[in-house]
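Coordinate inspection notes
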Amino acid sequence: VISDLSIVAIAFNLPHLKVLKMGGCDITNLRPIAEHCKELTKLNISKSLLQIVTNWSSDNIKNINPPDLIAIAENGNLTHLYAQYHCAAITDESILAIANLLPNLKALDIVHYLPGVEEHTIRTLLNKCLFLESFIPPHKFTNVLAADLVRLCNG
Amino acid sequence: MELANVKTLKKVNLEHSRALKDEGVINLVQSVPTIEELKLNLTSRRNFRIDLTLQ
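Residues numbered from 1 in each chain as written. Chains lettered and ligands numbered in written order. Predicted model: local features only at pLDDT ≥ 70, side-chain atom pairs only at ≥ 80, totals over all residues. Heavy atoms only, no water.

**A look at the overall build of chain A**
Note the following rule: Every helix listed is a DSSP run of H or I at least four residues long, and every strand listed is a run of E at least two residues long, numbered separately from the N terminus. In this scheme, a residue with accessible area under 20% of its type's maximum is buried, one over 50% is exposed, and one in between is partly exposed, where area comes from a 1.4 Å probe on protein chains only. Note on contacts: a residue pair is in contact if any heavy atoms of the two residues lie within 4.5 Å. Using a 1.4 Å probe, the Shrake-Rupley method yields the accessible areas, and only the shown protein chains count as cover for residues.
Across its full length, chain A holds 7 helices and 5 strands. For chain A, the sequential pattern of α-helices and β-strands runs α-β-α-β-α-α-β-α-β-α-β-α. Of all 155 residues assigned to chain A, the portion counted as buried reaches 49%. Counting contacts in chain A only where the partners sit at least 6 residues apart, residues at least 24 apart contribute 68% of the total. Of the roughly 7,000 Å² that chain A leaves accessible, carbon and sulfur atoms contribute 55%.

**Details of the interface of chain A and chain B**
Threshold: By buried area we mean the combined loss of accessible area, with a 1.4 Å probe, across both parts when two parts are placed together. Throughout this description, the term salt bridge denotes a Lys or Arg side-chain nitrogen within 4 Å of a carboxyl oxygen of Asp or Glu.
Contacts between chain A and chain B engage 25 residues on the former and 23 residues on the latter. Taken together, the two surfaces of chain A and chain B that pack against each other cover about 2,000 Å², and 64% of this comes from carbon and sulfur. Among the salt bridges present, the one from A:Lys18 reaches B:Glu36, with a minimum N-O distance of 3.7 Å. When residues of the side of chain A that touches chain B are traced back to their parent elements, those giving at least two are helix 1 (4-13), strand 1 (19-21) and helix 3 (49-54) of chain A.

**Some details on the nonpolar core**
Our working definition: Grouping buried Ala, Val, Leu, Ile, Met, Phe, Trp, Tyr and Cys residues that are joined through side-chain atoms within 4.5 Å yields what is termed a nonpolar core.
With 53 residues, the main nonpolar core has A:Ile10, A:Ile33 and B:Leu38 as its most contacted residues. Only helix 1, helix 2 (31-36), helix 4 (66-74), helix 5 (92-101) and helix 6 (119-128) of chain A together with helix 1 (22-31) of chain B provide two or more residues apiece to this core. The residues touching B:Leu38, leaving out its near neighbours within four places in the chain, are A:Ile10, A:Leu14, A:Leu17, A:Val19, A:Leu20, A:Lys21, B:Val12, B:Leu28 and B:Val29.

Structure follows, in structure tokens:
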């Protein structure tokens, strides 16, 4: 198991970290990364669907805090963010922060099953992040985007 | 694992180290502060197969 203990050690020891991939780890606190790894360009904190399903009835589903995600976006260098199944962290507020603070974002994966993000937020994201090459939205928008992505992009 | 001779290492990929724990990560980053790319992905295909087997 890899937890927030590793996050703290990474943040304090690797100030020049540019790529961090920690898929499937039990992490909740990204604040140290936001404060110490200012050069971070690629971040992957995705969970697996299996990880979610097997912990669904318990309180073991760990999510990062939305303000931590925003704090990382505030550094302004992130170009790739993969945060699958971090349902609680993917809010309108955090997505709008990403849209406003990371205009050079190239890849964003925020797929998850729960509701909580509005269509106008996704629209804003697509209008702000003009260099987005890869985008995997929450499941609720899959059908919407299949038909409307071009319309949204064209305003 | 002795890490004294890898002081210039920039990329570390431990995606297939299924037994990786906090202690290992902490030891690694304290020993190799030059790391710029660190991959500890526990959802890699190999680990995912192991998870399925255990269920």
